[in-house]
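So the chains spell out like this:
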Amino acid sequence: MIHFLRTGLVVTGLSCCLSLLHAQSDSWREQTKLLIYAPRYFGANAFPLPELRSGKTGKRYEIELRGEYHYYTGDRTKDVYARLFVPFAKGRAGLEVSGVIREDYLTTEETKEARHAVENRPPIPCYGDVIVSSFYQLLQSDQWCDLMLGCSLKTASGGRLCDARYTDAATYWFDLTAGRDLVRSADHSAFLRVQGMIGFYCWMTNDLVHRQNDATLYGLGLGAGYKNVLLTCDYAGFYGYRHVGDHAVSLRYKFNYEYKKNILSLRFRYGMKDHLFDTYSAAYIRCF
């Protein structure tokens, strides 16, 4: 009799534990239905803003490792970013694979509630999305301009959807970038260059009526170089049609110093509109 009572208590306890876990699981899934798929309501890396390039695809292999710190009053994020670029057809095309390989974050209660997130910090390791991009040189002319087409796909490999860190949904964009030297020295060691970008940016959402958000992608910038030093500044963003926190704009500055195919890159990004974060980063790039 005592044996049966003990067995019954054990079974009852296990059933209660399983019921509690199931309820927690359902609560987590119900919470994700409230998420707003827009830059204002997600983490710093959920909606990557494409880099404004010079209009040239590049002729060197590049491997980059970057540390980033994203900050605003409601969210502090640190991450490690990696990138690999491989040129093809003598620099007329290129393939790039990039993404955040580890992210750590801390949000306030107010930010967590506004995003409908579950946790303030990652209880388990958080990994980012993988982005695959291809570039094609459409025109290369000193008289007119350099013109490049870029096509990018962000996979749904990022984690912590429940904390509004990554969307767990595909995103893609197409951009047409043009660049032209305004001033250039005879030996090409010094130049002043202008570059612009226009394109289309699209991401999937959790809205049963509006399954995706379409945005206009744009950017305009200046670059100046002297020997092994490069300085660039650009104003870029995308404008979604839903108007639910989907107008992300950034003012970005970059300083590169190259020594024997080794590049030290320092960056600062000032967030505006629905891009709330200011970002500081330092990177090492090895060229081959």
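Now for a look at the structure at hand. This structure is a prediction, so every number in the text was calculated from the model and none was measured.

### Side note on the pattern of salt bridges
Under the definition given, this model contains 22 salt bridges. Between Lys254 and Glu51 there is a salt bridge, and its shortest N-O distance comes to 3.0 Å. Separated by 203 residues along the polypeptide, Lys254 in strand S10 (residues 247–259) and Glu51 in the loop between helix H1 (2–32) and strand S1 (62–72) bring together distant segments of the chain. For Lys254, a relative accessible area of 15% gives the class buried. Taking the relative accessible area as the measure of exposure, Glu51 reaches 27% and is therefore partly exposed. Across the pair Arg184 and Asp181 runs a salt bridge whose closest N-O atoms are separated by 3.4 Å.

### Observations regarding a positive patch on the surface
Side chains of Lys56, Lys59, Lys90 and Arg92 sit close together on the surface and give a patch of like positive charge. Structurally, Lys59 is set in the loop between H1 and S1. The class of Lys59 is exposed, set by a relative accessible area of 62%.

### Some words on the packing of aromatic side chains
If you walk through the whole model with that rule in mind, you get 15 aromatic pairs. Relative to Phe238, the ring of Tyr201 has its centre 4.2 Å away and its plane inclined at 10°; by these criteria the two rings are stacked. Of the two residues, Tyr201 is situated in strand S7 (residues 190–204) and Phe238 in strand S9 (residues 229–240); the sequence distance between them amounts to 37 residues. Looking at Phe238, the relative accessible area reads 1%, which means it is buried. Taking the centre distance of 6.4 Å and the plane angle of 20° together, the rings of Tyr253 and Phe268 count as stacked. Here Tyr253, found in strand S10, pairs with Phe268, found in strand S11 (residues 262–273); they are 15 residues apart in sequence, far enough to count as distant. Through a chain of ring-to-ring contacts, three or more aromatic side chains come together here, namely Tyr37, Phe42, Phe47, Trp173, Tyr201, Trp203 and Phe238. Across the ring face of Phe288, the terminal group of Arg286 is positioned such that the distance to the ring centre comes to 5.3 Å.

Calculation rules
- Residues numbered from 1 in each chain as written.
- Predicted model: local features only at pLDDT ≥ 70, side-chain atom pairs only at ≥ 80, totals over all residues.
- Heavy atoms only, no water.
- Salt bridge = Lys/Arg side-chain N within 4 Å of Asp/Glu carboxyl O.
- Helix = DSSP H or I, 4+ residues; strand = E, 2+ residues; numbered from the N terminus.
- Buried < 20%, exposed > 50% of the residue type's maximum accessible area, 1.4 Å probe, protein only.
- Patch = residues over 30% accessible without salt bridge, like charges linked within 9 Å, V, L, I, M, F, W, Y side chains within 5 Å.
- Areas by Shrake-Rupley, 256 points an atom, 1.4 Å probe, with all protein chains shown as cover.
- Lys, Arg positive; Asp, Glu negative; His and termini not counted.
- Charge placed at Lys NZ, Arg CZ, Asp CG, Glu CD.
- Phe/Tyr/Trp six-rings, centres within 6.5 Å; stacked < 30°, edge-to-face > 60°.
- Lys NZ or Arg CZ within 6 Å of the ring centre and 35° of its normal.

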